[in-house]
Amino acid sequence: GQQVMQIPQYQHVQEGEDFTTYCNSSTTLSNIQWYKQRPGGHPVFLIQLVKSGEVKKQKRLTFQFGEAKKNSSLHITATQTTDVGTYFCAGPGYALNFGKGTSLLVTP
Amino acid sequence: DAGVTQSPTHLIKTRGQQVTLRCSPKSGHDTVSWYQQALGQGPQFIFQYYEEEERQRGNFPDRFSGHQFPNYSSELNVNALLLGDSALYLCASSLGDRAVGNGYTFGSGTRLTVV
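Residues numbered from 1 in each chain as written. Chains lettered and ligands numbered in written order. Predicted model: local features only at pLDDT ≥ 70, side-chain atom pairs only at ≥ 80, totals over all residues. Heavy atoms only, no water.

Caption draft 1: Highlighting the overall build of chain A. Along its length, chain A carries zero helices and 11 strands. Written out in order from the N terminus, the α and β elements of chain A read β-β-β-β-β-β-β-β-β-β-β. By the compact-globule yardstick of 13 Å for 108 residues, chain A fits well, its C-alpha radius of gyration being 13 Å. C-alpha atoms of chain A, sized along the principal axes, occupy 40 × 25 × 20 Å. Here chain A, with 108 residues, has 48% of them falling under the buried criterion. For chain A, contacts bridging at least 24 residues in sequence account for 53% of all contacts bridging at least 6. A total accessible area of about 5,100 Å² is found for chain A, and carbon and sulfur atoms account for 53% of it. (Helix = DSSP H or I, 4+ residues; strand = E, 2+ residues; numbered from the N terminus. Rg over C-alpha atoms; globule rule 2.2 N^0.38 Å. Buried < 20%, exposed > 50% of the residue type's maximum accessible area, 1.4 Å probe, protein only. Contact = heavy atoms within 4.5 Å. Areas by Shrake-Rupley, 256 points an atom, 1.4 Å probe, with all protein chains shown as cover.)

Caption draft 2: Molecular detail of the pairing of strand β8 (residues 74–78) of chain B. All names here are of chain B. Among the five residues that make up β8, five are buried, leaving the element largely enclosed by the rest of the structure. Side-chain alternation along β8 places Ser-74, Leu-76 and Val-78 on one buried face and Glu-75 and Asn-77 on a second face that is also buried. Pairing of strand β3 (residues 19–24) with β8, which is carried by five bridges, proceeds in the antiparallel orientation. Residue Thr-20 lies in a different strand from β8, and its bridge partner there is Asn-77. Judged from the five bridges that link them, strand β7 (residues 64–68) and β8 form a sheet pairing that is antiparallel. Within the sheet, the bridge partner assigned to Gln-68 lies in β8 and is Ser-74. Where β7 folds back on β8, the antiparallel hairpin that results is connected by five residues, among which Tyr-72 adopts a positive phi of roughly 80 degrees. (Pairing = 2+ DSSP bridges.)

Caption draft 3: Fine view of the interface of chain A and chain B. Of the residues lining the interface, 16 residues belong to chain A; the matching set on chain B comes to 21 residues. Carbon and sulfur atoms supply 55% of the area buried between chain A and chain B, which totals about 1,600 Å² over both sides. Our count for the chain A to chain B interface comes out at zero salt bridges. For the interface between chain A and chain B, the tally reads two residue pairs in polar contact (both at pLDDT 80 or more). Those elements giving two or more residues to the side of chain A that touches chain B turn out to be β4 (32–37) and β5 (43–49) of chain A. Looking at the side of chain A that touches chain B residue by residue, the class counts come to eight nonpolar, seven polar and one charged. (Buried area = accessible area lost by both parts, 1.4 Å probe. Salt bridge = Lys/Arg side-chain N within 4 Å of Asp/Glu carboxyl O. Polar contact = N/O pair within 3.5 Å; in protein donor to acceptor, adjacent residues only side chain to side chain. Nonpolar A, V, L, I, M, F, W, Y, C, P; charged D, E, K, R; others polar.)

Caption draft 4: Molecular detail of the sheet that holds β3 of chain B. All names here are of chain B. If you trace the four strands from one edge of the open sheet to the other, you get β1-β3-β8-β7, paired in antiparallel fashion. Among the strands making up the open sheet, the edge pair consists of β1 (5–7) and β7. Taken over all neighbouring pairs, the strand axes of this sheet differ in orientation by 15 degrees on average, direction set aside. (Axes fitted to C-alpha atoms, helices over the stretch in contact; angles between N-to-C directions.)

Rendered as structure tokens:
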């Protein structure tokens, strides 16, 4: 599988602020997946990006795949306390190669 | 809709013992992958089973072994437990071995504590 690096490791925002996490790879990725893990929970699949420059939206979440297919981002507009958790990107392959994730804390 | 079912949910074992964890994949899925997640870390891939064979293995010692049954369910066995094996063990299922399109469905995990 292909390794990915994720930044930042932690992010603390006030409710209503925006949030972005970035995922980078040294090699071209055929696709990238994003997962969310709530505290004490398990990873839940959010989305898969496949095409160069692809942008997908899920309500307040916007996912982008870079033109070179080496990076990706997840942007949350106007965070809510329900957005709390760790967001992981995962490179393709037989095994999902998770980054270390970005832990998001939202203060009301 | 039956998701991924793992048992037991929690387990406490003594160092040196052996443990077996079980996983039933989501209905319609035929591939099972196992992950180890230490506290504060991302899930680390252990191995994947597809068509009852181990298709891929991560960087884990031979003390970690597994099996997939004809009904696609799977077991993870860990021998000679070490304190460092304490973690959340996650099972993920998919249709096909690369989960293209719909991602992997994870179970709630088994929390293993080795004392």
